[in-house]
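# Survey of secondary and tertiary structure
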Amino acid sequence: LGVLIVLPTAPGRNQHFITCGLVASNVDVFYARIAQLVKLLVPEWSIKVKLSPKKFGVTFEDTYVPSEFGYLSVDGTVIGQILKSEIAIITYDGTAVLEALLTGAPFVWVIDQDFYPLRQSIIPTLKTIENSGVVHFSFQSVARFLQDCDDVDKWWSADRTRESIEFLKSTLGTMLE
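Residues numbered from 1 in each chain as written. Predicted model: local features only at pLDDT ≥ 70, side-chain atom pairs only at ≥ 80, totals over all residues. Heavy atoms only, no water.

### Topic: the overall build of the chain
From N to C terminus, the chain includes nine helices and six strands. The buried share among the 177 residues of the chain stands at 49%. Carbon together with sulfur atoms contributes 51% to the accessible area of the chain, which is approximately 8,400 Å² in total. (Helix = DSSP H or I, 4+ residues; strand = E, 2+ residues; numbered from the N terminus. Buried < 20%, exposed > 50% of the residue type's maximum accessible area, 1.4 Å probe, protein only. Areas by Shrake-Rupley, 256 points an atom, 1.4 Å probe, with all protein chains shown as cover.)

In structure tokens form, the structure reads like this:
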């Protein structure tokens, strides 16, 4: 399985519609959870990480050497990398989710509330689709889901998943207008 993990690139609070933005003081813990996620994924999978620029004074690659996990750092646009992967894991609430929705390619979205506290107005919306496999609230949940998902294409084309994607498109589109 070709997995792309997309890390955050825009920490500013005013750029986050779903959450309140990354709590910058927790960035080291956030990256440690990403590293833990990589360790939980199946070793045979091809893991690629779309790295973030140095916004907090530290980056994932500064802390976690790629050879330590056997993943490949990738350059290029988020959309281009999502289209090249079999499934993308979006780890924040920025434009990558909108880009993933635009591509139609399989993705899962993890919002760890320790780092991206959800706005109260969006919690009920995301909870309605939580069981579809599209939205997760912890990295452990994403790892379990991917380990149990035998066929990404079958999951992605399932009615429940398609309904959740359409729901996200209509909800996020409304929020951004």
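Structure's up, so let's keep going.
### Side note on the environment of A100
Here A100 is to be found in helix α5 (residues 95-103). A sequence separation of 21 residues divides A100 from I79, and the C-alpha atoms of the two residues are 6.9 Å apart. The residues touching A100, leaving out its near neighbours within four places in the chain, are I82, I90, A105 and F107. (Contact = heavy atoms within 4.5 Å.)

### Concerning the pairing of strand β4 (residues 87-90)
Of the two faces of β4, the one lined by I87 and I89 and the one lined by A88 and I90 are each fully buried. As paired elements, strand β1 (residues 2-6) and β4 share four bridges and run parallel to each other. Bridged to L4 within β4 is A88. For β4 and strand β5 (residues 107-110), the ladder comprises three bridges, and the chain directions are parallel. Paired with I90 across the two strands is W109, which belongs to β5. In the classification by handedness, the crossover that spans β4, the intervening α5 and the parallel β5 is right-handed. (Pairing = 2+ DSSP bridges. Right-handed = clockwise from strand over helix to strand, strands pointing away.)

### Quick word on the packing of aromatic side chains
Applying the stated criterion to the full structure yields three aromatic pairs. An angle of 65 degrees between the planes, with centres 5.1 Å apart, marks the rings of F145 and W155 as edge-to-face. With F145 in helix α7 (residues 139-148) and W155 in helix α8 (residues 152-157), this pair connects stretches of sequence that are ten residues apart. Classification of F145 by relative accessible area gives buried; the value is 18%. Feature note: the residues F107, F145, W155 and W156 constitute an aromatic cluster, connected by ring pairs. (Phe/Tyr/Trp six-rings, centres within 6.5 Å; stacked < 30°, edge-to-face > 60°.)

### Some remarks on the pattern of salt bridges
Considering all chains together, one arrives at three salt bridges under this definition. One salt bridge connects R33 with D112, and the closest N-O pair in it is separated by 2.7 Å. Of this pair, R33 sits in helix α1 (residues 27-40) while D112 sits in the loop between β5 and α6 (123-127), and the two are 79 residues apart along the sequence. On the basis of relative accessible area, D112 is assigned to the buried category, the value being 6%. (Salt bridge = Lys/Arg side-chain N within 4 Å of Asp/Glu carboxyl O.)

### Focus on the confidence of the model for the chain
Scored by pLDDT, the chain comes out at a mean of 75, with 71% of its residues at no less than 70. Counting contacts from residues 10-21, a segment whose pLDDT is below 50, to residues more than four positions away or on other chains yields 37 contacts. (pLDDT = per-residue confidence, 0-100.)

### Some words on α7
If you check which residues of α7 are buried, you get F139, V142, A143, F145 and L146. All buried residues of α7 fall inside an arc of 165 degrees around its axis, so they share one side. (Arc of directions from axis to C-beta.)

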